[in-house]
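A structural walkthrough
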Amino acid sequence: MNPVKMKRGNATRSCAWLTLAAIFCSSFYLQTLSGQSTSQPTKKQDPPIPVRFTDIRKSAGITFLQDSTQTEEKLYLETMGTGVAWLDYDQDGLMDLYFVQSGPTELYKPAHPLRSALYHNNGDGTFTDVTLKAGVGGEGHYGQGVAVGDYDNDGYPDLYVTGYQRAILYHNNGDGTFTDVTAKAGVADEGGWSTSAAWMDYDKDGYLDLVVTNYIEWSAKNNLWCGEHRPGYRSYCHPGNYKGQKIKLYHNNHDGTFTDVSDSSGVGKPEAKGMGVVVADFNNDGWPDIAVANDSWPNFLFINKHDGTFQDVSFISGIAASEDGRYEAGMGIDAADLDGDGWQDIYITHLDFELNRLYHNNHDGTFTDATFSSTARSVQTSAARSLVAD
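Bear in mind that the values here come from a model prediction, so they are computed numbers and not experimental data.

1. So, the confidence of the model for the protein chain
Per-chain confidence: the protein chain averages 89 in pLDDT, with 85% of residues scoring 70 or above. Across residues 379-386, where pLDDT falls below 50, the model places 41 contacts with residues more than four positions away in sequence or in other chains.

2. Brief notes about the state of the cysteines
A covalent bond between the sulfur atoms of two cysteines is what we call a disulfide. Evaluated as defined, the whole model comprises one disulfide. Here C226 engages in a disulfide with C237; their sulfurs sit 2.0 Å apart. Negative torsions about the S-S bond denote left-handed disulfides, and the value of about 105° found for C226 with C237 makes this one right-handed. One end of the pair, C226, is in strand 13 (residues 226-227); the other, C237, is in the loop between strand 14 (234-235) and strand 15 (248-252), with 11 residues separating them in the sequence. Residue C226 is classed as buried on the basis of its relative accessible area, which comes to 16%.

3. Examining the pattern of salt bridges
Two side chains that carry opposite charge are able to pair once their charged atoms sit near each other. One pass over the structure, following the stated rule, counts eight salt bridges. One salt bridge in this structure joins E228 and R230, with 2.8 Å as the shortest N-O distance. Judged by its relative accessible area of 43%, E228 falls in the partly exposed class. Between D369 and R357 there is a salt bridge; the shortest N-O distance is 3.0 Å. Taken as a pair, D369 in strand 24 (residues 367-369) and R357 in strand 23 (residues 357-361) lie far apart in primary sequence, 12 residues in all. Across this residue pair, the class does not change: D369 and R357 are buried. One salt-bridge network, held together by shared partners, links D324, R326, E328, R357 and D369.

4. A few points about the packing of aromatic side chains
Evaluation of the coordinates by the stated rule reveals 19 aromatic pairs. When the centroid spacing of 6.0 Å and the interplanar angle of 10° are considered together, the rings of Y151 and W199 count as stacked. Of the two residues, Y151 is situated in the loop between strand 7 (143-149) and strand 8 (158-163) and W199 in strand 11 (residues 194-200); the sequence distance between them amounts to 48 residues. Of the two residues, Y151 and W199, both sit in the buried class. Summarising the aromatic geometry, the rings of F282 and F367 are spaced 6.1 Å apart at their centres and angled 75° between planes, so their arrangement reads as edge-to-face.

5. As for the environment of I56
Mapped onto the secondary structure, I56 falls in the loop between helix 1 (16-34) and helix 2 (57-60). Put simply, I56 and G125 are 69 residues apart on the chain and 9.0 Å apart in space, counted from C-alpha to C-alpha.

Conventions used here
- Residue positions are given per chain, counting from 1 as you read along its sequence in written order.
- Side-chain atom pairs in this predicted model are given and counted only at pLDDT of 80 or more, local residue features only at pLDDT of at least 70, and totals for whole chains, interfaces and linings cover all residues.
- As a rule here, side-chain values come from all non-hydrogen atoms in the structure, and water together with hydrogens is ignored.
- Per residue, pLDDT measures the predictor's confidence, with a range of 0 to 100.
- The contact definition used throughout considers only heavy atoms, calling two residues in contact when any of these lie within 4.5 Å.
- Counting rule for disulfides: a pair of cysteine sulfur atoms within 2.5 Å.
- A helix here means a DSSP run of H or I that spans at least four residues, while a strand means a run of E at least two residues long, and both kinds are numbered starting from the N terminus.
- Here's how the labels work: a residue is buried when its accessible area is under 20% of the maximum for its type, exposed when over 50%, partly exposed in between, all with a 1.4 Å probe on protein chains only.
- Basic side-chain nitrogens of Lys or Arg form a salt bridge, by our definition, when they fall within 4 Å of a carboxyl oxygen of Asp or Glu.
- Only Phe, Tyr and Trp rings are paired, with Trp represented by its six-membered ring, and only when their centres lie within 6.5 Å; those with planes under 30 degrees apart are stacked, over 60 edge-to-face, the remainder tilted.

Below, the structure written as structure tokens:
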């Protein structure tokens, strides 16, 4: 799952339960949305389904806290929260939890080590922190998001953790432990600011490949001063002040290594400011395509051409911008057939009082911004991930 983006202008320390709450609430909202009808305005709507969630973080034994690494210098990294993933890492039939942690910066040196956390599901509503035993703490790594997939087909899910300056690939050893195989695999994304990732078999060879979204060319050395030049008035800058990075696509070589095919495939050609990615078959040809939510930059849609390459149809598809032609602060993205017509629609969440956007699939390679007609127009102050589930 991709990182959570804080409101530009101020960042605060956040807790893991906020991330979980966002996942569950987004899921319920989209389920309700998919059942609504706009073709007959006078039709009586079904009564709302009463749903109540209880915060059981403490009773479940989840003690993880995400560190915002906040400083007065307003380092851009501080605007980013981190991701979380459900996975059955030990294949006992119960879903375990992995939380991604931030890390130290040039100006922020925590008194205690910062580590990501893996919690084993005990089967009784509680979890046990097995991070140290599993070897997935990633101490010193400024993590962002996480993608789960069995890249070597051994039956056990592996972890790819995105982050600032580098990413980490953890191979599941099948005995409750993981091994950092990033260097061997060739997927470190060195120098990149990777935010999100997704596993996909883009060439249908039976092995999962890896697509990685990268953000902007930022470092502590080029951290611009935004806001008034007086004490207490400095703010976080807009991504428009920085050049974007490129999307990465890694092909699985079936031997534990990957080849960077970003340029040859076409997905690495345009400048990006990627925050979220979703893989789905948007044209119903049986091949997985790639959609990317960019921050204050045109969103991407890459259609799989079945020959190892992708066609960039971002603008002609209609998802690059909002209905009124604006490039919004794309954060999270997901796909689902919301109206039951057999075609995947796209939902994108945004930041800073922008509308979430629902793009309806028109079955002809184009999408229509159906945000207002579907009533999916809730104004967001800090939306970072969308999730569609039943």
